[in-house]
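# Notes for the structure review
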Amino acid sequence: MSGESQSFFSLIKKGNTSSGTAALGNTGLAIVKGIAAFMTGSGAMFASTMHSVADAVNQAFVFTGSVLAEKRATKRFPTGFGRVVNIFCMIAVIVVTLMAYETIKEGIHLVKHPVHAKGVWINLAVLVLSLAVDGFVLIKAMKEILKEARVENAGGALFVSAFRNVKRAAPPTRLVFYEDLVATSGALLALIAVLVSAFSSFHAFDGLATILIGLLMIFVAFRVGYDNMVGLIGVSAPKEVEDKVSLLILSDPSVVDIYQMRILQEGRYYHVEGLIELKKGLALADADDIKFQIRDRLLGDPDIADVTLGIIEDNGVRDWRAADKS
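Residues numbered from 1 in each chain as written. Predicted model: local features only at pLDDT ≥ 70, side-chain atom pairs only at ≥ 80, totals over all residues. Heavy atoms only, no water.

### Considerations on the confidence of the model for the chain
- Averaged over every residue, the pLDDT of the chain is 80; residues scoring 70 or more account for 90%.
- Across the chain, element-level confidence peaks in helix α10 (residues 284-299) with a mean pLDDT of 92 and bottoms out in helix α1 (residues 2-14) with 55.
- Counting contacts from residues 1-6, a segment whose pLDDT is below 50, to residues more than four positions away or on other chains yields zero contacts. (pLDDT = per-residue confidence, 0-100. Helix = DSSP H or I, 4+ residues; strand = E, 2+ residues; numbered from the N terminus. Contact = heavy atoms within 4.5 Å.)

This is the structure:
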């Protein structure tokens, strides 16, 4: 029993920290925003509440998926559970879409029947809190992207570096990044809507801001849905990963070329399959030793789940485009 418990907690520790933190933060925000929306009747606050509810549910789903994805391969599932997280992300997309629909519907109603919201200072205080929490989670997600992409020294260009490397991050981290980017933008938009509605006669702006927040949620659903649909089908690793693996293989003095190689991304892990060319004249036992040494070196990368390598003798033709050892 203690072994099972220890195994369970070890899986929890490996779960995606960005989605776990975001789920807790957005749960608290959804409660506070919901109370404020009920007290003031603000459409923008209602939209922001719906967004936080969607984010909290999504990120809880995604964290659960990221934990299950860390389970080791079994006899029945020999390639592991990496794609489980993609399934949970697709469930999250459905939740976002439903919430976006309700938000846009409420926005249209408020445009047709504008309401003068009360308690402007309550809304402002809650939205400032929302900006702080969502901003904190967004920064954490950006740092997680750089960590997973093995990018260092981002300096002051954290946002730019995160955007550049987001495709190399795990599906849960990508979802949190996109969702909190939109959540922060949505909170800022809601803040403007509250101010405009409170201090001008343009009360319909509350409804327009609500519709815009709903459309931003649709964007998140589409972006995350597409990424995870591709992940479920099976997608090749980014070029940077392929180059890193090929250079590691070619760094061995006995390797002349790579005849062929395929790297499949599954969740945040990679599966490497390749056929490498060794220099002529090697004994079979020596060639096998070289193959296993290269395999062990590749498996030393925490993002590579398994490696299958075959060996052939150099055919005298350069097959791999990055076969230049210099």
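### A closer look at the environment of R150
- Among the structural elements, R150 can be located in the loop between α5 (120-148) and α6 (158-165).
- Measuring from C-alpha to C-alpha, the distance between R150 and N165 comes to 9.4 Å, with 15 residues separating the pair along the chain.

### A few points about the nonpolar core
- Ranked by internal contacts, the top residues of the largest apolar core, which has 50 residues, are F177 and M217.
- Those elements that place two or more of their residues in this core are α2 (17-40), α3 (43-68), α4 (84-112), α5, α6, α7 (171-199) and α8 (204-233).
- Not counting the four nearest positions on each side in its chain, F177 is found in contact with L138, A141, M142, I145, A162, F163 and V166.
- By size, the runner-up hydrophobic cluster in this structure holds 21 residues, among which are A237, V241, I290 and I294. (Core = buried A, V, L, I, M, F, W, Y, C linked by side-chain atoms within 4.5 Å. Buried < 20%, exposed > 50% of the residue type's maximum accessible area, 1.4 Å probe, protein only.)

### Some points on the sheet that holds strand β3 (residues 269-278)
- Taken in spatial order, the four strands of this open sheet run β1-β2-β3-β4, and their pairing is mixed. Bordering the open sheet on either side are β1 (235-236) and β4 (304-313), each of which pairs with just one other strand.
- In the sheet, strand β2 (residues 255-266) pairs with β3 via ten bridges, with the strands oriented antiparallel. Counted as the bridge partner of R262 is E273 from β3. (Pairing = 2+ DSSP bridges.)

### Overview of the packing of aromatic side chains
- Counting across every chain of the model gives three aromatic pairs.
- Relative to F88, the ring of F61 has its centre 6.3 Å away and its plane inclined at 50°; by these criteria the two rings are tilted. In this pair, F61 is assigned in helix α3 and F88 in helix α4, connecting sequence segments 27 residues apart.
- We classify F88 as buried; its relative accessible area is 17%.
- Seen from their ring centres, F177 and Y178 are 5.7 Å apart, and the 55° between their planes marks the pair as tilted. Note on accessibility: F177 and Y178 belong to one class, buried.
- Members of the aromatic cluster, joined through ring pairs, are F163, F177 and Y178.
- In this structure, K291 is placed above the aromatic ring of F292, and the distance from its NZ or CZ to the ring centre is 4.9 Å. (Phe/Tyr/Trp six-rings, centres within 6.5 Å; stacked < 30°, edge-to-face > 60°. Lys NZ or Arg CZ within 6 Å of the ring centre and 35° of its normal.)

### Brief notes about the pattern of salt bridges
- Throughout the structure, instances matching the rule amount to seven salt bridges.
- The partner of R262 in a salt bridge is E273, and the shortest N-O contact between them spans 3.0 Å. Of this pair, R262 sits in strand β2 while E273 sits in strand β3, and the two are eleven residues apart along the sequence.
- For R262, a relative accessible area of 52% translates into the label exposed.
- According to the relative accessible area criterion, E273 is partly exposed, its value standing at 37%. (Salt bridge = Lys/Arg side-chain N within 4 Å of Asp/Glu carboxyl O.)

### Remarks on the side chain of E277
- When you line up the elements, E277 lands in strand β3.
- Although E277 is buried, it makes no salt bridge; K280 carries the closest opposite charge, 8.9 Å away.
- Of the polar contacts made by the side chain of E277, one reaches the backbone nitrogen of N315; its length is 3.2 Å. (Lys, Arg positive; Asp, Glu negative; His and termini not counted. Polar contact = N/O pair within 3.5 Å; in protein donor to acceptor, adjacent residues only side chain to side chain.)

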